[in-house]
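# Chains, contacts and geometry: an overview
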Amino acid sequence: MAQSTFVRAEPAGKGVHVTILSAQIGDREAQIISSEIEEVAAPAGWRVAIDMSQVTFLASAGLGVLVSVNNTAKDSKGKVAVYNIAPSLMDMLKLTHLDKLFLIKPDQASAVKAVN
């Protein structure tokens, strides 16, 4: 499928598997990552498994990307699952109660299965 400096995407069943390649997602990265995910998610019916293993820092714009992708997927009758979330980021998601919003899975296989 597609690869850029920020995102690598590949087919995963009926959906798409996206790996975020940027260690930090701030304002600049958020805009690029958002548009790149949209580009590959729309043709896949917004069934997206997102690998967060390389992400170590999420600014509010980065959280906004995840919320926006999740909301667009729901509106489009799709699903988003995220996995490989760093413990510090998981703590932030719990603190902001966003862990309840996202479908969080322990690994790639279960994330791909959840969105297909």
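Just above sits the structure.
Residues numbered from 1 in each chain as written. Predicted model: local features only at pLDDT ≥ 70, side-chain atom pairs only at ≥ 80, totals over all residues. Heavy atoms only, no water.

### Considering the overall build of the protein
Secondary structure summary: the protein contains four helices and eight strands in total. Secondary structure elements of the protein occur, N-terminal to C-terminal, as β-β-β-β-α-β-β-α-β-α-β-α. In the protein, buried positions account for 47% of the 116 residues. Sequence-distant contacts, at least 24 apart, represent 64% of the contacts inside the protein between residues at least 6 apart. Roughly 5,900 Å² of accessible area belongs to the protein as shown, and the carbon and sulfur atoms make up 53% of that amount. Each charge sign in the protein was given a centre, from 11 positive and 11 negative side chains, and these centres are 11 Å apart. (Helix = DSSP H or I, 4+ residues; strand = E, 2+ residues; numbered from the N terminus. Buried < 20%, exposed > 50% of the residue type's maximum accessible area, 1.4 Å probe, protein only. Contact = heavy atoms within 4.5 Å. Areas by Shrake-Rupley, 256 points an atom, 1.4 Å probe, with all protein chains shown as cover. Lys, Arg positive; Asp, Glu negative; His and termini not counted. Charge placed at Lys NZ, Arg CZ, Asp CG, Glu CD.)

### A look at unusual backbone geometry
The phi torsion at tryptophan 46 lies on the positive side, around 60 degrees, for a residue other than glycine. Mapped onto the elements, tryptophan 46 comes out in the loop between helix H1 (27-41) and strand S5 (47-51). A residue is classified by how much of its surface remains accessible, and tryptophan 46, at 8% relative accessible area, is buried. The backbone phi angle of lysine 77 is positive, close to 65 degrees, even though this residue is not glycine. Tracing the backbone shows lysine 77 in the loop between helix H2 (60-75) and strand S7 (79-83).

### Some points on the environment of valine 112
Mapped onto the secondary structure, valine 112 falls in helix H4 (residues 108-115). Along the sequence, valine 112 and methionine 92 sit 20 residues apart, while their C-alpha atoms lie 24 Å from each other. Apart from residues no more than four positions distant in its own chain, valine 112 is found in contact with Ala12, His17 and Ala49.

### Comments concerning the pairing of strand S2 (residues 7-12)
Where S2 lies against strand S3 (residues 15-20), six bridges are found, and the strand directions are antiparallel. Looking at the pairing, arginine 8 lines up with threonine 19 of S3. Counting the residues that bridge the hairpin from S2 to S3 gives two residues, and of these glycine 13 lies at a positive phi of roughly 65 degrees. (Pairing = 2+ DSSP bridges.)

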